[in-house]
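# Chain and residue survey
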Amino acid sequence: MYHKKITNIDLIVKSLIKNVKNMKKLIFSSITLVMILMIVIVSCKKDVSNTEKDVSVTGVTLNNPNLMLGVGDTATLIVTVLPETAANKTVTWASSNVLVASVMPNGLVTALSKGTTTIVVTTTDGGYSASCSVKVDDILVTDVKLNKNSLVLDIDETETLIATVFPENATIKDVYYSINNPAVAIVGGFNGTITPIGLGKATITVTTVDGSKTDKCELEVIKRVPVTGVTLNKTNIELGVGTTEQLIATVIPYNASNQNVTWSSSNSSIASVDSVGLVSANDEGTVKIIVTTEDGSFTEKCEVKCIYFTSPVVTTLEPTNVVYSGGGYDVSATFTGEITDAGTPPYIRRGFVYSSFYDPLGYGPGCPYPAPGWISVSGSGVGQFSRNISGECPLYVRAYVETTLGITYGNVVTIWWEDK
């Protein structure tokens, strides 16, 4: 019984030893297989790398098979080596006639003289080539333009005209100048310099040597009268904010050749001025409006005081003591208006303005009476006047107050002849 148990254990041990040996063989086989696969992969990569490295050139092309250039012009030829994956894309360039055109290693072709040549590009790998036929000839002039087509010169001045020849790459850009009235000025034959010698008018013509293209400049030679000063119609004014005032400049002497002036303000946020001297009051304060002559830069100034003010108030305007005569066609009346002096600055005058128009200040339809009449009053603003009205024409009356800042008017009051 004991012997049998020992035998069974022995069998189990032998079986385990056998299995271990089999596992060693399996592991060794797996390691061997992995190593073989790695060798294959490395070999494949090496083969692919060698394949890419060894891609050969199969051809070459140029972007332009023909070129037309003027002497001095340049153009760049672009080369394409085939296939795109070719390993060696280096090329060489050559010109069959280097006196006509040269070529640089980057394909830049320069036209040197009239004639024809062939530009050839050749691949280093395989010796494939492509060519471009180049013809070099004159670029003809198509037009010419002067920088000025009219010119006024003082007899003591000079001026040089500038001619531009088209196209820019024209081969022959030479021009010459002529004048149809040499008693007025002398013009340089090839440089366009004008030297006046007498008063009058003339036409200067520029002509191209190539193609005889022309352009003209109308010249007038005068004796200028220089500016000696400038004055303003006002040198001090007061303006209410929001109002305007027109300044008038007089250039001295009156017959000065250049009457142009410019306007400016020392502070445009307070008072601005436009190009013709119209001053606008924008805020309270004091500024200087300056006029400057273009010729000689002479100046004159006007001090402008801008103030806020309350318009004078016309409170009442009622006709009283109306008297009619002459069959009702003549009327006289006393107009009592309380004209309050509530403005700043104080009033200069006040009173009434009357007319047969529907508004004494307007030009609308109405009876054919003369221009409006003005009545100035003082004190409380009581005024009395007589006015003849005929037919069915009414009489229109307004009260007014005048200050240095302008005139303020009341509403229109109407008197009808039927009211008698």
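The following refers to the structure shown. (Residues numbered from 1 in each chain as written. Predicted model: local features only at pLDDT ≥ 70, side-chain atom pairs only at ≥ 80, totals over all residues. Heavy atoms only, no water.)

Our focus in this paragraph is the overall build of the chain. What the chain contains, in helices and strands, is one helix and 37 strands. Within the chain, the proportion of its 420 residues that are buried is 32%. Considering only contacts in the chain between residues 6 or more positions apart, those separated by 24 or more positions represent 57%. Working note: accessible area of the chain is about 24500 Å², and carbon and sulfur atoms make up 57% of it. (Helix = DSSP H or I, 4+ residues; strand = E, 2+ residues; numbered from the N terminus. Buried < 20%, exposed > 50% of the residue type's maximum accessible area, 1.4 Å probe, protein only. Contact = heavy atoms within 4.5 Å. Areas by Shrake-Rupley, 256 points an atom, 1.4 Å probe, with all protein chains shown as cover.)

Turning our attention to the pattern of salt bridges. Between side chains of opposite charge, a pair can form as their charged atoms come close. For the structure on display, the rule yields seven salt bridges. We note a salt bridge from Asp-138 to Lys-114, for which the minimum N-O separation is 3.6 Å. In this pair, Asp-138 is assigned in the loop between strand E9 (129-137) and strand E10 (143-146) and Lys-114 in the loop between strand E7 (108-111) and strand E8 (115-123), connecting sequence segments 24 residues apart. A salt bridge links Lys-234 to Glu-245, with the shortest nitrogen-to-oxygen separation between them at 2.4 Å. One end of the pair, Lys-234, is in the loop between strand E19 (229-232) and strand E20 (236-240); the other, Glu-245, is in strand E21 (residues 244-246), and 11 residues separate them in sequence. Residue Lys-234 is classed as partly exposed on the basis of its relative accessible area of 34%. (Salt bridge = Lys/Arg side-chain N within 4 Å of Asp/Glu carboxyl O.)

Judged by pairing direction, the sheet is mixed, and its four strands sit side by side in the order E11-E18-E17-E14 without closing on themselves. Unpaired on one side and paired on the other, strand E11 (150-154) and strand E14 (175-179) mark the two borders of the sheet. Neighbour-to-neighbour, the strand axes of the sheet open up by a mean angle of 25°, direction not taken into account. In this structure, E14 lies alongside strand E17 (residues 200-208), joined through five bridges in antiparallel fashion. Its bridge partner being in E17, Ile-179 is matched across the sheet by Ile-204. (Pairing = 2+ DSSP bridges. Axes fitted to C-alpha atoms, helices over the stretch in contact; angles between N-to-C directions.)

If you trace the backbone, Asp-73 turns up in the loop between strand E2 (66-70) and strand E3 (74-76). We note that Asp-73 is buried and unpaired, the nearest opposite charge coming from Lys-173 at a distance of 8.8 Å. In terms of polar contacts, Asp-73 uses its side chain to reach the side chain of Asn-169, at 3.2 Å. Each residue touching Asp-73, except ones within four places of it in the same chain, is listed here: Val-109, Thr-110, Ala-111, Ile-139 and Asn-169. (Lys, Arg positive; Asp, Glu negative; His and termini not counted. Polar contact = N/O pair within 3.5 Å; in protein donor to acceptor, adjacent residues only side chain to side chain.)

Turning next to the side chain of Thr-203. The residue Thr-203 is located in strand E17 in this model. One polar contact links Thr-203 to Glu-218, side chain to side chain, over a distance of 2.8 Å. Beyond its immediate chain neighbours, meaning those up to four positions away, Thr-203 contacts Ser-178, Ile-179, Asn-180, Lys-216, Cys-217 and Glu-218.

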